[in-house]
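Coordinates in review
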There are 2 protein chains.
Amino acid sequence: MGALHEGHLSLARASVAESDVTVVTIFVNPTQFAPGEDLDKYPRRLEEDVKLLGEVGVDHVFCPEAETMYAPGSSTSVSPPKISRKLEGEFRPTHFGGVATIVLKLFNIVAPDVAYFGQKDYQQVVVVKQMVRDLNVPVEVRTCPIVRDNDGLALSSRNIYLSPEEREVALTINRTLSHVRQQILDGQRDGFEVLTEMRQMLIDGGVTSIDYAAVVNPDTLESADPIQLPVALLIAVYVGKTRLIDNCLVTA
Amino acid sequence: MGALHEGHLSLARASVAESDVTVVTIFVNPTQFAPGEDLDKYPRRLEEDVKLLGEVGVDHVFCPEAETMYAPGSSTSVSPPKISRKLEGEFRPTHFGGVATIVLKLFNIVAPDVAYFGQKDYQQVVVVKQMVRDLNVPVEVRTCPIVRDNDGLALSSRNIYLSPEEREVALTINRTLSHVRQQILDGQRDGFEVLTEMRQMLIDGGVTSIDYAAVVNPDTLESADPIQLPVALLIAVYVGKTRLIDNCLVTA
């Protein structure tokens, strides 16, 4: 969706390193925003984005207009896999339908052999991978690690919404993930206790509200209690009016 | 869906004539049948089908098992365009969702440049063409004309269900289409009168029930009254327990 940061650029760099030709799509997709979400104020910096991608060695940038991607009368969409109803899906019920449809359309237009997604949007990667499997889409999906600022905050185009005070609060998210990850690595297997602690740390850290804090199987996104490695720790919170998500994998 | 007749073979012949490599898919797709429809008794003659296709010069036949096409846990599907809710969609509300999903999956597996569909399933072609447009599927869809027996009955794998007496009744369908087509070519522009006459002819001919008889815009499938050429005449009826569809285009 553009407004590129080092997280996005790490995907472009992975592709440039591993592929003959790299195409980056930049499209702030209206159908994955619900009414009241931040479609209108979502940051757009196309000129700067294209310059950054050129420096990374990207061959093509595909940045269509919404009217091009959704012609008048267009009405076919992808009904995303059931896994999209959990977690993000509970709070953004139309989100993954919009994501799955635009990703399939972009795949059909660009026809990549390999597509790079960031682990930051953890459930999105799971949904896209299952769509690819279920619809036999001839694309290999590769996941790249989360890129963080020096203070640990996961990079997000939405971080620019944060005031300095809010940014302090937002650091609680990664601290919570790291703390809980260590507890699990130290042998904690009680999922309920872990969840209670996650929520308490987030509240103590000053987040405005918690959409979810979850310990799940990394593939099925089913709650993992008792905890059996590997698990994914997933968090979605509001800090002020800004919704932030973050996650980490815990493997044996 | 196999049980090949000359209509199917005409599609294979068109592809062999126009393409370097021809792949035919044969798959009785369970998700486009509703409970109570004829999935179980639908004719299956794979060995004979493969022999016929070899004689036509087809290079490959792809005939997967249902378990291969729908792996356990698979849950992504195509939500078909709105046009799929009309006509067939009123009587078979889940049909085109199943069709659109399997067609997209087969397109993704076979990766054809051109795909051949029969005009016999008129609305199916319209739905598939719109799906291809809406989802940017890189396939050109070509339509081949309806193939009829000497007595005028449109070829259908379901014709084998008809008793000799039922087959006599079924001939009314094409007679009705031909009669109404001539009336329109002779200047009839009153859509309501045409529909009334179509229904009366079908009833007089002895059909068991009429799902629909329609005079529509060939692209939008909206009712055409007053009639403006071109129009498509579409009929779906039961003869005994067998559901038959047929259609014809009327162009200036």
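Below: a short report on this structure. All figures in this text were calculated on a predicted structure; none of them were measured in a lab. (Residues numbered from 1 in each chain as written. Chains lettered and ligands numbered in written order. Predicted model: local features only at pLDDT ≥ 70, side-chain atom pairs only at ≥ 80, totals over all residues. Heavy atoms only, no water.)

Description of the pairing of strand β8 (residues 242-250) of chain B
All names here are of chain B. Counting buried positions along β8 yields 8 of 9 residues, so the element is predominantly enclosed. Bridge count between strand β7 (residues 231-239) and β8: 9 bridges; the pairing is antiparallel. Residue pairing for β8: Leu 233 is matched across the bridge by Cys 248. (Buried < 20%, exposed > 50% of the residue type's maximum accessible area, 1.4 Å probe, protein only. Helix = DSSP H or I, 4+ residues; strand = E, 2+ residues; numbered from the N terminus. Pairing = 2+ DSSP bridges.)

Some remarks on the sheet that holds strand β6 (residues 209-216) of chain B
All names here are of chain B. Spatial strand order, β6-β7-β8: 3 strands in an open sheet with antiparallel pairing. Only two strands of the sheet have a single partner each, and these edge strands are β6 and β8. Across this sheet, the average inter-strand angle for adjacent strands is 10°, counted without regard to direction. Contacting β6 and β7, helix α8 (residues 191-204) runs over the sheet at an angle of about 150° to β6. (Axes fitted to C-alpha atoms, helices over the stretch in contact; angles between N-to-C directions. Contact = heavy atoms within 4.5 Å.)

Some thoughts on the packing of aromatic side chains
Residues and elements named next belong to chain A. In total, this model carries 8 aromatic pairs over all chains according to the counting rule given. Plain terms: the ring middles of Phe 27 and Tyr 70 are 6.3 Å apart, the flat faces sit at 40° to each other, and that makes the pair tilted. Placement of Phe 27 in the loop between β1 (23-25) and α2 (46-56) and of Tyr 70 in the loop between α3 (66-69) and β3 (77-79) is noted, with a sequence separation of 43 residues between them. Positioned above the aromatic ring of Tyr 161 is the side chain of Lys 41, whose terminal nitrogen or guanidinium carbon lies 4.2 Å from the ring centre. (Phe/Tyr/Trp six-rings, centres within 6.5 Å; stacked < 30°, edge-to-face > 60°. Lys NZ or Arg CZ within 6 Å of the ring centre and 35° of its normal.)

Things to note about the relation of the copies chain B and chain A
Mapping between the two copies of the chain is achieved by a rotation about an axis and a shift along the axis. Once chain B is rotated about the relating axis by 180° and shifted along it by 0.0 Å, it coincides with chain A to within an RMSD of 0.0 Å. Here the copies are linked by what is in effect a two-fold axis. When each C-alpha of chain B is compared by its distance to the rotation axis, Val 78 of chain B comes out closest, at 2.3 Å. A symmetric contact is evident, with 100% of the interface residues of chain B recurring at the interface of chain A. (Least-squares fit on C-alpha atoms with pLDDT ≥ 70 in both.)

Considering the sheet that holds strand β8 (residues 242-250) of chain A
Residues and elements named next belong to chain A. Across the sheet, which stays open at both edges, the 3 strands sit in the order β6-β7-β8 with antiparallel pairing between neighbours. One side of each edge strand has no neighbouring strand; the edge strands of this open sheet are β6 (209-216) and β8. Within the sheet, the average angular offset between the axes of one strand and its neighbour, ignoring direction, is 10°. Summarising the sheet, β6 and strand β7 (residues 231-239) pair through 7 bridges and their orientation is antiparallel. Bridging across to β7, Ile 210 finds its partner in Val 237. Across the sheet, helix α8 (residues 191-204) is in contact with β6 and β7; its angle to β6 comes to roughly 150°.

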